[in-house]
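# Coordinates in review
Chain by chain, the residues run as shown.
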Protein chains: 2
Amino acid sequence: MAPRRPEQFEAIREKSREKILAASLELFANKGYDATSIDNIAKKAGISKGLIYNYFESKKSILLAIFDDAMKMGEELLMGQMNIKDPVLRKKAIIELTFDMIKQRPDYVKFLTVMALQPGVMADTKDFTKNAYKKTEEWSKLITGKAKKEAVIDTLMIGAMMDGITLNFIIYGEQYPLDELKQEIIKLYCGPEKKKKKK
Amino acid sequence: MAPRRPEQFEAIREKSREKILAASLELFANKGYDATSIDNIAKKAGISKGLIYNYFESKKSILLAIFDDAMKMGEELLMGQMNIKDPVLRKKAIIELTFDMIKQRPDYVKFLTVMALQPGVMADTKDFTKNAYKKTEEWSKLITGKAKKEAVIDTLMIGAMMDGITLNFIIYGEQYPLDELKQEIIKLYCGPEKKKKKK
DNA sequence: TACTTTTGACTGACCGTTTAGTCAATTAAA
DNA sequence: TTTAATTGACTAAACGGTCAGTCAAAAGTA
């Protein structure tokens, strides 16, 4: 009577959904949202165009799903470092984590960076700017411990630094010396690992 | 016999061309290339669609014209600082110049940044990556004087810093404290203005 | 002054193509 | 047979680009 057991359907659906998301992520990150057609996604995912609309109600909703996934993953990674008590060590851990993310998931990083520069694309669905600014505030607390007025500039500097390195890595690719820059930024902002920081 | 004098036509043409370029720059910078239609440009410029093709042979050629203008302006500004002999002062001047450019021509800066992240758009017409990398090399020489191996990281750090600040300014807008960050980066990379730099 | 002629900037309906999105028909497993 | 995943031909809208034709302005003619 029942043709397939529910969990079998669930597995099939999950697999197809994943194929669509993976193909879309790659295309959105490399070509941008507008330059990517539904046909492109279907071909890259190895499925038909119609099937995509069995899983997502529109092109925008695919974008939104990827965006949510990326933000969720980023937040989880970030929150995983919350248990580090010492502020300097925590700062260092977060910086290293960001570099890891750039190297391990450049697709997500590229996707988010590209989207950040196309406000018109996200504007309809998510208040991206507000979201990003909130994230910066969280970063600020995480990195400096408290919201010391003087330390805000420091946080913004580190944030800009990381964004700039990310941007250059996206543009230049593997030839960009990520590791050396990581050492440099840690040396700059986490001190020479001795004493309490003065001035 | 002769209806209008050539210089009158020239003035008219220049004005229209300028309207098209101005409208395109604003739209490309804010919405991106693919999301901007020829109709959008025509409406914003207050002219008809057909007239655009009296001045540019394709949508891509508009993009290219803006790109060339932006690069030309940037290069002229940069080369204007070449006469400063002292490396530290020159470095400082270039950094300040970059901040000035961000504040005075955010449209150009935004345009270039958006285009840098859409390799597919520029790929057909200009080798953007190569161009950008060459620019970085020039920067390196300008900033460090010579191509000291150790100083490359320093140059890349400053470059990433500036790019990151630019990116954040584009995203956050006027609330982003450009001036404070300028002071900070000058303090960091141009030394406390005393003695010769050591280590 | 009034009229005609000449010019090229300018217009918008139109063209072929491509797009996002739909749906009746098909497929395959239980 | 039942069920739901899957397909691709289809549609309406939007796209970049074209082109036959309109228009205003300047100079010659009277």
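Everything numeric in this text was worked out from a predicted model, so none of it was measured. (Residues numbered from 1 in each chain as written. Chains lettered and ligands numbered in written order. Predicted model: local features only at pLDDT ≥ 70, side-chain atom pairs only at ≥ 80, totals over all residues. Heavy atoms only, no water.)

Moving on to the relation of the copies chain B and chain A. When chain B is brought onto chain A, the operation consists of a screw motion whose angular component is 179° and whose axial shift is 0.0 Å, with 0.2 Å RMSD remaining. Both chain copies can therefore be described as sitting about a two-fold axis. Residues of chain B ranked by C-alpha distance from the rotation axis are headed by G164 of chain B, positioned 1.9 Å from it. Comparing interface residues between copies, 97% of those in chain B also sit at the interface in chain A, which points to an isologous, same-surface contact. (Least-squares fit on C-alpha atoms with pLDDT ≥ 70 in both. Contact = heavy atoms within 4.5 Å.)

On inspection of all chains with the given rule, the structure shows four aromatic pairs over all chains. Plain terms: the ring middles of Y172 of chain A and Y176 of chain A are 6.0 Å apart, the flat faces sit at 40° to each other, and that makes the pair tilted. As far as the burial class goes, Y172 of chain A and Y176 of chain A line up, both buried. Between F28 of chain B and Y33 of chain B, the ring centres sit 5.3 Å apart and the planes meet at 50°, which makes this aromatic pair tilted. The same class applies to F28 of chain B and to Y33 of chain B, which are both buried. For the cation-ring pair, K59 of chain A lies above Y33 of chain A, with the distance from its terminal atom to the ring centre recorded as 4.4 Å. (Phe/Tyr/Trp six-rings, centres within 6.5 Å; stacked < 30°, edge-to-face > 60°. Buried < 20%, exposed > 50% of the residue type's maximum accessible area, 1.4 Å probe, protein only. Lys NZ or Arg CZ within 6 Å of the ring centre and 35° of its normal.)

Here the focus is the nonpolar core. Membership of the largest hydrophobic core comes to 114 residues, with the highest contact counts inside it found for F111 of chain A together with F111 of chain B. Those residues in contact with F111 of chain B that lie beyond four places of it in its chain are L25, F28, A29, L63, I66 and F67 of chain B. (Core = buried A, V, L, I, M, F, W, Y, C linked by side-chain atoms within 4.5 Å.)

A few words now on the confidence of the model for chain A. Residue and element names in this part refer to chain A. Confidence in the prediction for chain A averages 84 pLDDT; 79% of positions are at 70 or higher. Taken element by element, the predicted model of chain A shows its lowest mean pLDDT in helix α8 (residues 128-144) (62) and its highest in helix α2 (residues 38-45) (98). The low-confidence segment residues 194-199 (pLDDT under 50) makes two contacts with residues lying over four places distant or belonging to another chain. (pLDDT = per-residue confidence, 0-100. Helix = DSSP H or I, 4+ residues; strand = E, 2+ residues; numbered from the N terminus.)

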